[in-house]
There are 2 protein chains.
Amino acid sequence: MDKYVKELKSHKLKITSQRLDILSFLDENRVHPSADEIYKAIKINSPALSKTTIYNNIDVMVKNNIIKAFRFMDSNELRFDYKTTEHYHFICRKCKNIYDVDISLPYLEKFEHYKHKVEEFYGDYKGVCENCLNKKKQKKK
Amino acid sequence: MDKYVKELKSHKLKITSQRLDILSFLDENRVHPSADEIYKAIKINSPALSKTTIYNNIDVMVKNNIIKAFRFMDSNELRFDYKTTEHYHFICRKCKNIYDVDISLPYLEKFEHYKHKVEEFYGDYKGVCENCLNKKKQKKK
DNA sequence: TCTTAAATTGTAATTATTCCAAAACAACAA
DNA sequence: TTGTTGTTTTGGAATAATTACAATTTAAGA
């Protein structure tokens, strides 16, 4: 049985071609796409697709922890990610590339003297990526 | 000389009543307001105010590091903050209150083996706040 | 006071997202 | 395999946040 079918079944979600398309697209294209990018990509082979379907399913899958939603501070679109294990994002302010950062932040230890109950932590990094740094060096020479 | 005038001058920005209004509003009301909330609050005493002015100025001030912009993952509006020193936000999923969290995260040390140059780190916490936790306990009794 | 570049205003346009009602479909039972 | 039912999909319209633009006004230096 297909892994995406298994994934959906384990959350008691109905198997639809739209859901499978979204999951496989996210899994095979780790580019942190927006709802619109997912929509456009899938629509190529399934022209009847509606944008509402994308939003509905994204919603359901985020709630079921199958995919993760995140956004950058200064961006107005949500982005999505198949991976749900702890990781962060680095965005380059020059090339706008988004890199996964696989570290684990000690976000709870520091929180001690606040009495709020932390359930989630979200964080991202911004700066200039390795590639763009190297380009700059070459120009200077 | 007024501290907001000084602040604007130090960034070579023109002094306008609109800018002074925005700054004093943000400084005196530490509620992380959205653009619309700032607009409505200032419009009461300056009815000629345009929303575009709010957006323009917010933009200029963020770029000049006078105020800070941030947003929560699942919200679609930007929020603003007079404080520009390192601090994070905790949002309560019950009462939606936003609390400042004055800690400093060791976000750079962990980053070592990536070659990207980090310039900024953004993070926020989500959970249930002290108040809401206490309310729940009382109900149970 | 004069000049000029920058800021403000109001309206219109755009973008992301949500709402809604009708039609289509998946899953389960008979 | 077919019928039933509740869920999903669709498309169009509505909303919310933000941006674009052109005309008017204004701050600040000469």
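Model, not experiment: these values are computed from the prediction.

S.K.: I tried to follow the overall build of chain A on my own but got confused; where do I start?
M.R.: For chain A, the count of helices and strands is five helices and five strands. A globule of 141 residues ought to have a C-alpha radius of gyration of about 14 Å, yet chain A, at 18 Å, is considerably larger. Taking the principal axes of the C-alpha coordinates as reference, chain A spans close to 55 × 50 × 30 Å. Within chain A, residue pairs in contact and separated by at least 24 positions form 46% of the contacts whose partners lie at least 6 positions apart. Total accessible area computed for chain A in this model is approximately 8,300 Å², and 49% of it derives from carbon and sulfur atoms. Positive and negative side-chain charges of chain A, numbering 28 and 20 respectively, have mean locations separated by a distance of 5 Å.

S.K.: What's the story with the interface of chain A and chain B in this structure? I'm lost.
M.R.: Interfaces are often sized by the amount of accessible area the parts lose when they come together. Listed per partner, the contact involves 40 residues of chain A and 40 residues of chain B. Buried surface at the junction of chain A and chain B, both sides included, amounts to about 3,600 Å², of which 61% is carbon and sulfur. Our count for the contact surface shared by chain A and chain B stands at two salt bridges. Among the ionic pairs, A:R93 bridges to B:E119, the shortest N-O distance being 2.7 Å. In this assembly, chain A and chain B are joined by 15 residue pairs in polar contact (both at pLDDT 80 or more). A per-class count over the side of chain A that touches chain B returns 21 nonpolar, six polar and 13 charged.

S.K.: Got a minute to help me understand the protein's contact with DNA strand C in this structure?
M.R.: Taken together, 19 residues lie near DNA strand C, and A:Y55, B:T16, B:Q18, B:R19 and B:T53 sit nearest. Counting only atoms of DNA strand C within 4 Å of the protein, the fraction found in sugar and phosphate groups is 75%. One of the side-chain nitrogen or oxygen atoms of B:S50 is found 3.2 Å away from a base nitrogen of DNA strand C. At 2.6 Å from a phosphate oxygen of DNA strand C is found a side-chain nitrogen or oxygen belonging to B:T53.

S.K.: Hey, could you run me through the environment of A:Y55 in this one?
M.R.: By the element assignment, A:Y55 lies in helix α4 (residues 51-63). Measuring from C-alpha to C-alpha, the distance between A:Y55 and A:D36 comes to 9.3 Å, with 19 residues separating the pair along the chain.

S.K.: Would you take a moment to explain the pattern of salt bridges for this structure?
M.R.: A pair can form between side chains of opposite charge whenever their charged atoms are brought close. Per the counting criterion, the structure on display carries 18 salt bridges over all chains. Overlapping salt bridges, with partners in common, bring together A:K3, A:D27 and A:R30 in one network.

S.K.: Hey, could you run me through the nonpolar core in this one?
M.R.: A general trend in soluble globular proteins is that nonpolar side chains are found buried together. If you look at the biggest cluster of nonpolar residues, it comprises 32 residues, and the most contacted ones within it are A:F90, A:Y125, B:F90 and B:Y125. Residue assignment for this core shows that the elements contributing at least two residues are β3 (88-92), β4 (98-101) and β5 (117-128) of chain A together with β3 (88-92), β4 (98-101) and β5 (117-128) of chain B.

S.K.: Looking at this structure, I do not really get the sheet that holds β4(A). What am I missing?
M.R.: Where strands meet in a sheet, backbone hydrogen bonds hold them as pairs that are either parallel or antiparallel. Pairing is mixed across the open sheet formed by six strands, whose spatial order is β4(A)-β3(A)-β5(A)-β5(B)-β3(B)-β4(B). A strand with exactly one partner marks an edge of an open sheet, and here the two such strands are β4 of chain A together with β4 of chain B. Ignoring which end each strand starts from, the neighbouring axes of this sheet average 25° apart. Sheet topology note: the β5(A)/β5(B) ladder contains 11 bridges and is antiparallel.

S.K.: Any chance you could explain the domain arrangement of chain A here in plain terms?
M.R.: Residues and elements named next belong to chain A. Considered domain by domain, chain A is made up of domain 1 (1-83) and domain 2 (85-141). Each of domain 1 and domain 2 has a C-alpha centre, and these two points are 24 Å apart. Between domain 1 and domain 2, the contact holds nine residues from the first and 11 residues from the second. Buried area between domain 1 and domain 2, both sides added, is near 980 Å², and the carbon and sulfur share of it is 56%. Summed over the three residues of domain 1 that lose the most area to domain 2, namely H32, F72 and K83, the buried surface amounts to 59% of that side. If you look at where domain 1 meets domain 2, you find zero salt bridges. Counting every contact that joins domain 1 to domain 2 gives five residue pairs in polar contact (both at pLDDT 80 or more). A per-class count over the side of domain 1 that touches domain 2 returns three nonpolar, one polar and five charged.

About the thresholds
- Residues numbered from 1 in each chain as written.
- Chains lettered and ligands numbered in written order.
- Predicted model: local features only at pLDDT ≥ 70, side-chain atom pairs only at ≥ 80, totals over all residues.
- Heavy atoms only, no water.
- Helix = DSSP H or I, 4+ residues; strand = E, 2+ residues; numbered from the N terminus.
- Rg over C-alpha atoms; globule rule 2.2 N^0.38 Å.
- Contact = heavy atoms within 4.5 Å.
- Areas by Shrake-Rupley, 256 points an atom, 1.4 Å probe, with all protein chains shown as cover.
- Lys, Arg positive; Asp, Glu negative; His and termini not counted.
- Charge placed at Lys NZ, Arg CZ, Asp CG, Glu CD.
- Buried area = accessible area lost by both parts, 1.4 Å probe.
- Salt bridge = Lys/Arg side-chain N within 4 Å of Asp/Glu carboxyl O.
- Polar contact = N/O pair within 3.5 Å; in protein donor to acceptor, adjacent residues only side chain to side chain.
- Nonpolar A, V, L, I, M, F, W, Y, C, P; charged D, E, K, R; others polar.
- Near = heavy atom within 4 Å.
- Core = buried A, V, L, I, M, F, W, Y, C linked by side-chain atoms within 4.5 Å.
- Buried < 20%, exposed > 50% of the residue type's maximum accessible area, 1.4 Å probe, protein only.
- Pairing = 2+ DSSP bridges.
- Axes fitted to C-alpha atoms, helices over the stretch in contact; angles between N-to-C directions.
- Domains from an automatic or database assignment.

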